[in-house]
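# Inside the fold
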Amino acid sequence: MNSNGSDSLRLARSYTVWFSGLVPIKGGNDEELEHIMEPIAEIETVEDFWGVYQYLAKPDQTNSKTCYHIFQKGIKPIWEDEANKEGGRWHIWLPKGHTNKLWEDLLIYLIGDQFTNGDSVCGVEVRTKPRGDSLSIWHKDATNDEEKDRVRDEFLIALGAQDSG
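Residues numbered from 1 in each chain as written. Predicted model: local features only at pLDDT ≥ 70, side-chain atom pairs only at ≥ 80, totals over all residues. Heavy atoms only, no water.

### A few points about the nonpolar core
- Counting 31 residues, the largest nonpolar core has Ile 70, Trp 103, Leu 106, Val 124 and Leu 135 as the members making the most contacts within it.
- Looking at this core element by element, the count peaks at seven residues for helix α2 (residues 99–111).
- Residue contacts for Ile 70: discarding those within four places in its chain leaves Tyr 15, Thr 16, Val 17, Trp 103, Leu 107, Leu 110, Cys 122, Gly 123 and Val 124. (Core = buried A, V, L, I, M, F, W, Y, C linked by side-chain atoms within 4.5 Å. Buried < 20%, exposed > 50% of the residue type's maximum accessible area, 1.4 Å probe, protein only. Helix = DSSP H or I, 4+ residues; strand = E, 2+ residues; numbered from the N terminus. Contact = heavy atoms within 4.5 Å.)

### So, the sheet that holds strand β4 (residues 88–94)
- Spatial strand order, β2-β1-β3-β5-β6-β4: six strands in an open sheet with antiparallel pairing. Strands with a single pairing partner mark the edges of an open sheet, and in this sheet they are β2 (33–45) and β4. Neighbour-to-neighbour, the strand axes of this sheet turn through a mean angle of 15°, independent of strand direction.
- In terms of strand pairing, strand β1 (residues 10–24) meets β2 through eleven bridges, oriented antiparallel. Counterpart to Val 23 in the pairing with β2 is Glu 34.
- Together, β1 and β2 form the strand contacts of helix α1 (residues 46–55), whose direction differs from that of β2 by roughly 150°. (Pairing = 2+ DSSP bridges. Axes fitted to C-alpha atoms, helices over the stretch in contact; angles between N-to-C directions.)

### Structural notes on unusual backbone geometry
- Unusually for a residue other than glycine, Asp 113 sits at a positive phi of about 60°.
- Its location among the elements puts Asp 113 in the loop between α2 and β5 (121–129).
- With relative accessibility at 36%, the residue Asp 113 sits in the partly exposed group.

### Description of the pattern of salt bridges
- Taken as a whole, this structure holds 13 salt bridges when the rule is applied.
- The shortest N-O distance in the salt bridge between Arg 13 and Asp 119 comes to 3.3 Å. In this pair, Arg 13 is assigned in strand β1 and Asp 119 in the loop between α2 and β5, connecting sequence segments 106 residues apart.
- Judged by its relative accessible area of 14%, Arg 13 is buried.
- Classification of Asp 119 as partly exposed rests on a relative accessible area of 44%.
- For the salt bridge of Asp 145 with Lys 148, the shortest nitrogen-to-oxygen distance reads 3.3 Å. Note that Asp 145 and Lys 148 are positioned in helix α3 (residues 145–158) at a spacing of three residues, about one turn of the helix. (Salt bridge = Lys/Arg side-chain N within 4 Å of Asp/Glu carboxyl O.)

Structure follows, in structure tokens:
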């Protein structure tokens, strides 16, 4: 039990939820926008995850050009971060209307520690755009073909696009 008396299910890894997108400039008119990227939540337990997930707008409820990143704690969702410098990214484009369920499936696969080598996964993201959305997975070592292919295959399994057998 944790300090507040409830059972708490710790995740295999802690994560930071990042938001990036266009927001109105404070004090500006409605058409003046700036791009921001900032951490908005920390996830260490199953309860944390569901609390944050229920609070976040679903992809089909966000403005276009919005992105949520769920990355291992300590890793920023930018290529310049030390954990991403040698890494790569797999992504899949989706027509509008198909993103919510697949995003949830990917998140559950991630926080459920279903990736064979979960430490090699830096994080996942969803991007919404006017003509379609994308889901991505970032991994640490793009020079390791075996790891890179395994991350890709498990990414597709998480999305139901490939059988696990």
